[in-house]
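# Observations on the model geometry
The chain contents come next:
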Amino acid sequence: MRRLLFILFLTIFSNIHSQMSWINGITISPSIPTELDSITVFIDLSFAYSDCPLDHKFISVLGNDIQSSSHHCQGPLAAICDTRDTLILAPLAIGTYKLVHSSTSGSGSVPCTPGFVVDDVDSIEFYVVNSALSSVTFKVDMNNVTDNFIRPEINGTFNSFCGNCDTMVDLNQDDIWEFTSYFPVGDTIEYKFSADNWSIEENLDGNSSCTNGDLNNTNRLFVVPGQDTILEAVCWGSCDTCSTSPVQIENANLNNEPNFKIFPNPVHDLLTVNGDVSLIDKLFLYDTRGRLILTRDTNNILISDLESGPYILVIFAEEKAYKYLIDKF
């Protein structure tokens, strides 16, 4: 009788012991595979007892559902054992897939006791894309936009100009927003930037080189190349990069150069820069939030339509920036 109870105790202990494991995460490589890629699946696991050698593993594909499992043997030492299982998938057809992994464990050395109860289950969804696709990253510089906005978006022929279905992200908190997606190689895309579901949209010159040339319905134009592409950040409403931004101004060589005289200051309507004006490349007027208000190629700026308050005048001359505080009344 005592022997029978002891065997029953060992059996219960073994089953409890074998269930003490968990899945920490599942990743694949490449993260966005094509139909030509073999796919490596990584399963990160932890076990309550050490060591934790692999006993066996399994993976199968049925349509777009993938089932996998692994069984580990837990040792006698009560110490966390971290390990990673690797499984290989042959190239898959283009589409969306879901992989579900089950982890079991037993006791003893390999081969160990079976796992009667599944310890943990986790899953991952991923996409297999067409190898004839290229990723394109679009970027727009919003530093010069004076209208209020929350989030820019990209609208184009690829999303039927849907509004805010493809919103953009500001990864570096520098007001340069971007969006990345995959497009068929050789496809011609028409698109434009807007914000907050068309609350504001950029106005483009149909004669500009980056547009479709349609003066009545002007959009940007881009032909998808045969390689992944990150486009240069363009200024809102322009084919070019922004001339400058608050970030660039902060990093520029800022001086209060006595060669330039700003008058009148305070000013109501016409602000004039005197001095060696032949050196001046351009004038930029910013508000105190760092938003670009006006630019001029001359040595004066008419600001009679602006609200009263402080502004920052930046003079670019000979690759240097000279900054002055202006008081508009």
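If you're wondering where the values come from, they're calculated on a predicted model, not measured in any experiment. (Residues numbered from 1 in each chain as written. Predicted model: local features only at pLDDT ≥ 70, side-chain atom pairs only at ≥ 80, totals over all residues. Heavy atoms only, no water.)

Moving on to the confidence of the model for the protein. On average, residues of the protein score 84 in pLDDT, and 88% of them are at 70 or above. Contacts from residues 4–18, a stretch scored under 50 in pLDDT, to residues over four places away or in other chains number 12 contacts. Note that residues 244–256 has pLDDT below 50 and, in this model, 26 contacts with residues that lie over four places away or in other chains. (pLDDT = per-residue confidence, 0-100. Contact = heavy atoms within 4.5 Å.)

Moving on, we come to the sheet that holds strand β1 (residues 21–29). One key point about sheets: their strands pair by backbone hydrogen bonds, in either a parallel or an antiparallel sense. Ordered by their spatial adjacency, 3 strands build an open sheet running β1-β2-β5, and the pairing between neighbours is antiparallel. Edge strands, defined here as strands with exactly one partner in the open sheet, are β1 and β5 (81–89). Ignoring which end each strand starts from, the neighbouring axes of this sheet average 20° apart. Sheet analysis places β1 next to strand β2 (residues 39–47), joined by 8 bridges and oriented antiparallel. Paired with I28 across the bridge in β2 is V41. (Pairing = 2+ DSSP bridges. Helix = DSSP H or I, 4+ residues; strand = E, 2+ residues; numbered from the N terminus. Axes fitted to C-alpha atoms, helices over the stretch in contact; angles between N-to-C directions.)

With that settled, consider the sheet that holds strand β4 (residues 65–74). Pairing within the open sheet is mixed, and its 4 strands lie in the order β3-β4-β6-β7. The open sheet terminates on both sides in strands that have one partner only, identified here as β3 (54–62) and β7 (120–128). Averaged over neighbouring strand pairs, the angle between their axes works out to 15° when direction is ignored. Summarising the sheet, β3 and β4 pair through 8 bridges and their orientation is antiparallel. Residue pairing for β4: F58 is matched across the bridge by S69.

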